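A look at the structure
Now for the letters of each chain:
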Amino acid sequence: MRSQLAYCLLVILSFCSCRKDDKSVFDLSPDERINQALSKYQAALTAAPNGWEARITTGTGSIFNFHFKFNDGNRVVTYADIDTTSSGTSRESSYRLKALQQPSLIFDTYTYLHMLADPDGTVNGGDNGAGLQSDFEFAIDTVTADSIKLTGRYNKTKVTLYKATPTQEAAWQNGDWRKALNFQYLGRILQYFKRLSWGANAYDITFNNQQRTIIFAWVDNSGNPHRVTAHFYYTSQGLFLVTPFTDGAVTITSLNSGSWNAGSNTLQVQVNGATQGAIAGAIRPARIDLQAPRRWWQFAGQQDSYWASNNGFHVNGVDDAFHVRSIENFAFLIFWPAYGRQSGIIYDLLGYIIVKPDALSLDFGSAYIPPTFTTDGRIIFREFGTLGDVPPAATAAFESTNTQMTEARGYYLVQTGATTYDMVSAKDALAWITWEY
Amino acid sequence: MMTLKDNTQMKHILLAGAFLLCLLTACKKDDDLGDIDNIPGLGGDTWTPGPIDNWIKDSLTVPYNIAVKYKWDQGELELNRTLVPPKEEKIIPVLSSIKKVWISNYVAEAGEIFMKRLCPKFFVLVGSASYNPDGTITLGTAEGGRRIVLYVLNDFRIKGMSDYTPSDSNNVKMLFHTIEHEFGHILHQNVLYTPDFKRISVGRYTSNWNNVSDETAHQDGFISAYAMSAPDEDFVEMISIMLTEGKAGFDNLVNSITGTSPNGTTADVAKDKLRQKETIVVNYFNDTWHINFYNLQARTRASIVALIK
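Residues numbered from 1 in each chain as written. Chains lettered and ligands numbered in written order. Predicted model: local features only at pLDDT ≥ 70, side-chain atom pairs only at ≥ 80, totals over all residues. Heavy atoms only, no water.

**With respect to the overall build of chain A**
- What chain A contains, in helices and strands, is nine helices and 25 strands.
- In terms of overall size, chain A is more extended than a compact globule, its C-alpha atoms giving a radius of gyration of 31 Å where 437 residues would be expected to give roughly 22 Å.
- Considering only C-alpha atoms, chain A reaches an extent of 115 × 70 × 40 Å along its principal axes.
- Counting across all 437 residues of chain A, residues that qualify as buried make up 49%. (Helix = DSSP H or I, 4+ residues; strand = E, 2+ residues; numbered from the N terminus. Rg over C-alpha atoms; globule rule 2.2 N^0.38 Å. Buried < 20%, exposed > 50% of the residue type's maximum accessible area, 1.4 Å probe, protein only.)

Quick look at the structure:
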């Protein structure tokens, strides 16, 4: 009985297993259908006579605009608002459509788009090994007549290409975008203070073109310092703040760039598209934080501790102008208020911290008599003497730093965070040092 | 009863045989392979050839059967690294430098046939460096004597380019170091060097080489820290550094060894070891491949100097 059942089963199996109808539910093979989809996308890409506009938000949160024009020969012409070159001069590179896990658009040789993804931090201001976390290999999500939705395959950047109008394309070709990028020239202002002024208003700004941020700094009527960081993006007119900046009755939503005056290092701007204003270097803050020097000095002094600086002085656009970092085994500089007492004077110390095999060591430094706090918000250091023995190889860095410290006009202090200050030369604002607690 | 049982057994066997036949024959399907000359593939692997494609075809593919992939293909590269493709304007300068320094000199010393037979057949070019988690960067890799990946093409600058600075010469030398190194592997994988080579530094090879500085490696009789990783690497590091630094550069390196290594090797012993290795390399090239190593070295160094000085 059992064997009969087994035979029945065998019979059923052998008949069922031989179903020969293997017709696909589709007319074409998967390969053919993939190729069909790719050629459909290819046709869509090249069917934009004025190219495509794209806005990319990188993984680091910066917003960039691009203009792409694809042709049938695997070539794409690109503009980008990354810098004055990329916004004014087009660059041709190659692209192709390929079926990876999804049909994908690959920008397969270097163009402006790759600058955002470049793992070399000097290219885009991002971290080495990661860049700004952007993409140049995109999966194609949706294609409509006017737009193509893409998702980056590595960093998952979302990008939508919109078919450009003739006006939009012209804005790249005739230099409107290039002019918007005039803000990049603010980097040529060597003074610490870059003042945005219009009408009766003035703010000190810190402009970061690579990270697409502006920091507005001001002191209110009660003397309290404020700092606000605003993200921005460019348009062909100028820059727009992602979140408008407000201070009481003052609101800034956009800054349209005018011409850059290379002689006076001044950029003409229109605030909110209407009011004429300017951004220029200044040798003192728009409004001085009068209490800052004392606050800075006392903060460390009361805790019997010190402020530290990794890079020494920045002078005339050069970081570590006196090469303190080149001192052998240099770790960092410290400023220690009321460090010690000698001959009845409680002196401050600018110390050089050196790495020793088993510890950090304060080997030598410049001593200053107690500083003068002026009523107009400056701090002035005067030399008291030298502590310890300065190694011969470090003498140049030591002397230059000491000369800079004892600058007769003294320094303004700008509070940049809860425990960070910038100390800026009051003589010309061309020299400054950053202190961290 | 016995007969009945026998009959049943017989029947069983017959039935099973019939089913087997059915199973074997029933499934015969005439499965047409279709037009095998026209398999569509997934697309995207061909493009309109441009000047770079034509240059590669004429200068490398036709004479030496070398393919160069300069367009982005993630599948050729590490999937966990941020990398970018090369700038188009860098590709021909890099490849023609490779041709001048590596291919032409070997051809001049060993002949066309030698090069056509042994050269790696596939180059992949990458624009940026490959950043390792420990903060170092990778400049080149090679696999199986066939595929070589070259990085940092976007920083490749040689004498005559507008933004060339002397510090760029390091990138140029590293490029050729990589290629000569990998080509050295191909040579010894075809004909192995004498076992005497492995005896020179026996017991000093270590997987801890990456924690050793080049200076300390020199003091132990190795030409570089990486040479300490294995005898094969030692052998090809000797070849590549001797070729890229030239005779004077190598002599200078050997003669400047001072002090005693942490392993207790004195400077004289270290110098002697490097000279022994040099002799084996030179003899290997002469006996195995009929190449005068010193001539090849002079030519290679001169071609590199022409690019950087």
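Moving on, there is more to tell.
**Comments concerning the packing of aromatic side chains**
All names here are of chain A.
- Evaluated as defined, the whole model comprises 61 aromatic pairs over all chains.
- Measuring from ring centre to ring centre gives 6.5 Å for Trp296 and Phe381, while their planes differ by 80°; the resulting arrangement is edge-to-face. Separated by 85 residues along the polypeptide, Trp296 in helix α8 (residues 292-302) and Phe381 in strand β22 (residues 379-387) bring together distant segments of the chain. Across the pair, Phe381 and Trp296 agree in class, each one buried. (Phe/Tyr/Trp six-rings, centres within 6.5 Å; stacked < 30°, edge-to-face > 60°.)

**Here we look at the pattern of salt bridges**
- All told, the structure shown has 24 salt bridges over all chains when counted by the stated rule.
- Taking the shortest distance from any N to any O, the salt bridge between Asp251(B) and Lys247(B) comes out at 3.2 Å. Of this pair, Asp251(B) and Lys247(B) both sit in helix α8 (residues 231-255), four residues apart, roughly one helical turn.
- Several salt bridges converge on common partners, so that one network encompasses Lys98(A), Lys69(B), Asp73(B), Glu76(B) and Arg147(B). (Salt bridge = Lys/Arg side-chain N within 4 Å of Asp/Glu carboxyl O.)

**Concerning the side chain of Ser366(A)**
Residue and element names in this part refer to chain A.
- For Ser366, the location among the structural elements is in strand β21 (residues 360-373).
- Here Asn402 takes part through its side chain, which lies 3.5 Å from a polar atom of the side chain of Ser366.
- Ser366 has contacts with Asp348, Leu349, Leu350, Gly385, Phe398 and Asn402, leaving out every residue within four places of it along the chain. (Polar contact = N/O pair within 3.5 Å; in protein donor to acceptor, adjacent residues only side chain to side chain. Contact = heavy atoms within 4.5 Å.)

**Focus: the sheet that holds strand β6 (residues 137-143) of chain A**
- The eight strands lie next to each other as β1-β2-β3-β4-β5-β6-β7-β8 (chain A), forming a closed barrel whose pairing is antiparallel. Along the sheet, successive strands turn relative to each other by an average axial angle of 35°, direction set aside.
- Bridge count for strand β1 (residues 52-57) of chain A against strand β8 (residues 158-163) of chain A is five bridges, and the pairing is antiparallel. By the bridge assignment, Trp52(A) is partnered in β8(A) with Lys163(A).
- Of the strands in this sheet, β1, β2 (63-70), β4 (91-99), β5 (103-107), β6, β7 (147-152) and β8 of chain A touch helix α2 (residues 30-46) of chain A, which is tilted by about 155° from β4(A).
- Its contacts with the sheet put helix α3 (residues 88-110) of chain B on β3 (75-80) and β4 of chain A, and the angle it makes with β4(A) is roughly 90°. (Pairing = 2+ DSSP bridges. Axes fitted to C-alpha atoms, helices over the stretch in contact; angles between N-to-C directions.)

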